[in-house]
Amino acid sequence: MKPLVQLQKAFINLRFGTFIHFNSATVQFCSGELCDWEYDHENAGAPRLYPFAEKDWNPVNLDCVQWAKTAKSAGCRFAALTAKHHEGFALWPSAYTAHCVKNASCQTDVVKAYLDAFRAEGIEAGLYFSILDLTAGIGRKSCTEEQKKMIRGQITELLTNYGEIPFLITDGWNAAWGGPTEDMLPFREIDALVKSLQPNCLLMNIGCTHGVEGTDIVFFENAAGQEVDDVFYGPGISCNKLTKNWFWRATDPDAVLGGSKWVYQKMQEYFPKNVNFMLNLSPAADGRLDQNLVDAFAEIGKDLSLPTPLTELPVGWLTRN
């Protein structure tokens, strides 16, 4: 097992990556007013209005190779896929739920296809996993021992069935927007599980933005207004997007996307603070990226210049007590 600081520095030296949002929301919310997930059901007790039927998952043109080549064209060195988002649909054949690809119209193991494609391009391929699960009823109102068994079981599947996973991003966990609290499911329990399965796997908790006591890398969802303050010097990561939403919308193919100049400005802001930049890719419901997004990523890569590797820890770098 490598020291945590060594793993953190190695990750920060990757600098630029992509966040691939592709899951049930791609199909459910590609039109209409609701974006990404049923926030009010978790946070305001509203009745659930948008359950997802497994048979509706049918990306007939799934092309993870296209995703990987697009990321590579931009200069991305790492990537994450939403293996399970807040709705709870698993993109791999999980033994812990029927709500997964094994009961879908398209039964392809998307997690495997993604990892194979990105590894082939030399990109560090990690995974995103939502603790919050609306279908399983896991959230701020319920996280029973049986539900914890499911959480641990699915994380174990992801970290034992697919080879080396350099990092696991969790979400919907002790977060302002929903999910079980730290009291309901302590970080140390999941961190211990992750490290027991893969000692060199970083655990990044999107819900933790005030230090590394509940995460290995501090996450800033810049697209939601989370800014990196002037006294932060890492280790961190900030994520943003070129399209309006994280998941694909039917209007995206005709959208005018932000250019490389804006991306470079973000990098210039973040890199001196030892904060990586993660730019979103949102495949369409058929499993392919729209051409305007492909072109935008290629444009970013034309003049990209990443910093030299970090060798010494800067003053202010966060370490766990």
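Higher on the page you've got the structure.
This report concerns the structure included in the present document. (Residues numbered from 1 in each chain as written. Predicted model: local features only at pLDDT ≥ 70, side-chain atom pairs only at ≥ 80, totals over all residues. Heavy atoms only, no water.)

**Description of the overall build of the protein**
Inference 1: Within the protein, the regular secondary structure consists of 9 helices and 8 strands.
Inference 2: What you see for the protein is a C-alpha radius of gyration of 18 Å, in line with the 20 Å of a compact globule of 321 residues.
Inference 3: Dimensions along the principal axes, computed over C-alpha positions, put the protein at roughly 50 × 45 × 35 Å.
Inference 4: When each of the 321 residues of the protein is scored for burial, the buried share is 57%.
Inference 5: Long-range contacts, defined here as pairs at least 24 residues apart, represent 75% of the contacts in the protein between residues at least 6 apart. (Helix = DSSP H or I, 4+ residues; strand = E, 2+ residues; numbered from the N terminus. Rg over C-alpha atoms; globule rule 2.2 N^0.38 Å. Buried < 20%, exposed > 50% of the residue type's maximum accessible area, 1.4 Å probe, protein only. Contact = heavy atoms within 4.5 Å.)

**A closer look at helix α9 (residues 291-302)**
Inference 1: The end-to-end C-alpha distance of α9, which contains 12 residues, comes to 17 Å, matching closely the 16 Å that a straight helix rising 1.5 Å per residue would cover.
Inference 2: For α9, the complete set of buried residues consists of Asn-292, Leu-293, Val-294, Ala-296, Phe-297 and Ile-300. (Expected span 1.5 Å × (residues − 1).)

**Remarks on the nonpolar core**
Inference 1: Formed by 73 residues in total, the largest nonpolar core has its most connected members in Tyr-114 and Phe-118.
Inference 2: With 6 residues, helix α5 (residues 110-120) is the largest single contributor of residues to this core.
Inference 3: If we skip the residues at most four places from it in the chain, Phe-118 touches Thr-18, Ile-20, Cys-64, Trp-67, Ala-68, Ala-71, Ala-79, Ile-123 and Ala-125.
Inference 4: Counting 29 residues, the second largest nonpolar core, distinct from the first, contains Trp-177, Ile-217, Leu-310 and Trp-317. (Core = buried A, V, L, I, M, F, W, Y, C linked by side-chain atoms within 4.5 Å.)

**With respect to helix α1 (residues 4-12)**
Inference 1: For α1, the full list of buried residues reads Leu-7, Gln-8, Lys-9, Phe-11 and Ile-12.
Inference 2: In this structure, the buried side of α1 is in contact with β2 (78-84), β4 (167-171), β5 (202-205), β7 (236-240) and β8 (275-281).

**Topic: the sheet that holds β8**
Sheets are built from strands that pair by backbone hydrogen bonding, the pairs being arranged parallel or antiparallel.
Inference 1: Taken in spatial order, the 8 strands make up an open sheet running β5-β4-β3-β2-β1-β8-β7-β6, and their pairing is parallel. A strand with exactly one partner marks an edge of an open sheet, and here the two such strands are β5 and β6 (218-221). Within this sheet the neighbouring strands show an average axis-to-axis angle of 25 degrees, counted without direction.
Inference 2: Direction of pairing for strand β1 (residues 16-20) relative to β8: parallel, over a ladder of 5 bridges. The residue of β8 that forms the bridge with Ile-20 is Leu-281. (Pairing = 2+ DSSP bridges. Axes fitted to C-alpha atoms, helices over the stretch in contact; angles between N-to-C directions.)

**Let's talk about the side chain of Gln-8**
Inference 1: By secondary structure assignment, the location of Gln-8 is in helix α1.
Inference 2: One polar contact links Gln-8 to Trp-317, side chain to side chain, over a distance of 3.5 Å.
Inference 3: The residues touching Gln-8, leaving out its near neighbours within four places in the chain, are Leu-202, Asp-216, Ile-217, Pro-235, Trp-317 and Leu-318. (Polar contact = N/O pair within 3.5 Å; in protein donor to acceptor, adjacent residues only side chain to side chain.)

**Regarding the environment of Ile-165**
Inference 1: As for its position among the elements, Ile-165 is in the loop between α6 (145-160) and β4.
Inference 2: C-alpha of Ile-165 to C-alpha of Ala-71: the two residues are 94 residues apart in sequence and 18 Å apart in space.
Inference 3: Ignoring sequence-local partners within four residues, the contact set of Ile-165 consists of Leu-115, Arg-119, Ala-125, Gly-126, Leu-127, Leu-158, Leu-159, Gln-198 and Cys-201.

**Overview of the pattern of salt bridges**
Inference 1: Overall, the coordinates contain 16 salt bridges when judged by the stated rule.
Inference 2: With its nearest N and O atoms 2.6 Å apart, the salt bridge here joins Arg-320 to Asp-216. In this pair, Arg-320 is assigned in the segment after α9 and Asp-216 in the loop between β5 and β6, connecting sequence segments 104 residues apart.
Inference 3: Using a relative accessible area of 28% as the deciding quantity, one classes Arg-320 as partly exposed.
Inference 4: Several salt bridges share partner residues, and in doing so they unite Asp-191, Lys-195, Asp-216 and Arg-320 into one network. (Salt bridge = Lys/Arg side-chain N within 4 Å of Asp/Glu carboxyl O.)

**Re the packing of helix α4 (residues 64-74) against α9**
When two helices pack together, their arrangement is given by the angle between the helix axes and the distance between those axes.
Inference 1: Here α4 crosses α9 at 30 degrees, and the two axes come no closer than 6 Å. Here α9 runs roughly parallel to α4, going by the angle between their axes. Where α4 abuts α9, its residues Gln-66, Thr-70, Ala-71, Ser-73 and Ala-74 lie against Leu-293, Val-294, Phe-297, Ala-298, Ile-300 and Gly-301.
Inference 2: Residue composition of the contact of α4 with α9, by class: 7 nonpolar, 4 polar and no charged. (Parallel < 35°, antiparallel > 145°, perpendicular 65-115°, else oblique. Nonpolar A, V, L, I, M, F, W, Y, C, P; charged D, E, K, R; others polar.)

**Comments concerning the environment of Trp-248**
Inference 1: On the secondary structure map, Trp-248 appears in the loop between β7 and α8 (260-270).
Inference 2: By relative accessible area, which is 12% here, Trp-248 ends up buried.
Inference 3: Sequence spacing of Trp-248 and Leu-306 is 58 residues, and the spatial spacing of their C-alpha atoms is 28 Å.
Inference 4: Those residues within four positions of Trp-248 in sequence are excluded, and the remaining contacts are Thr-26, Phe-29, Cys-30, Pro-253, Ser-282, Pro-283, Ala-284, Ala-285 and Asp-290.
Inference 5: Within the structure, Trp-248 has its side chain in polar contact with the side chain of Asp-290 (distance 2.8 Å).

**A short note on the side chain of Asn-292**
Inference 1: With respect to the helices, strands and loops of the structure, Asn-292 is situated in helix α9.
Inference 2: In this structure the side chain of Asn-292 is engaged in a polar contact, spanning 3.3 Å, whose partner is the backbone oxygen of Pro-253.
Inference 3: In terms of polar contacts, Asn-292 uses its side chain to reach the backbone carbonyl oxygen of Ala-255, at 3.1 Å.
Inference 4: Once residues within four sequence positions are removed from consideration, Asn-292 is found in contact with Asp-252, Pro-253, Asp-254, Ala-255 and Leu-257.

Keep in mind these values describe shape, not function.
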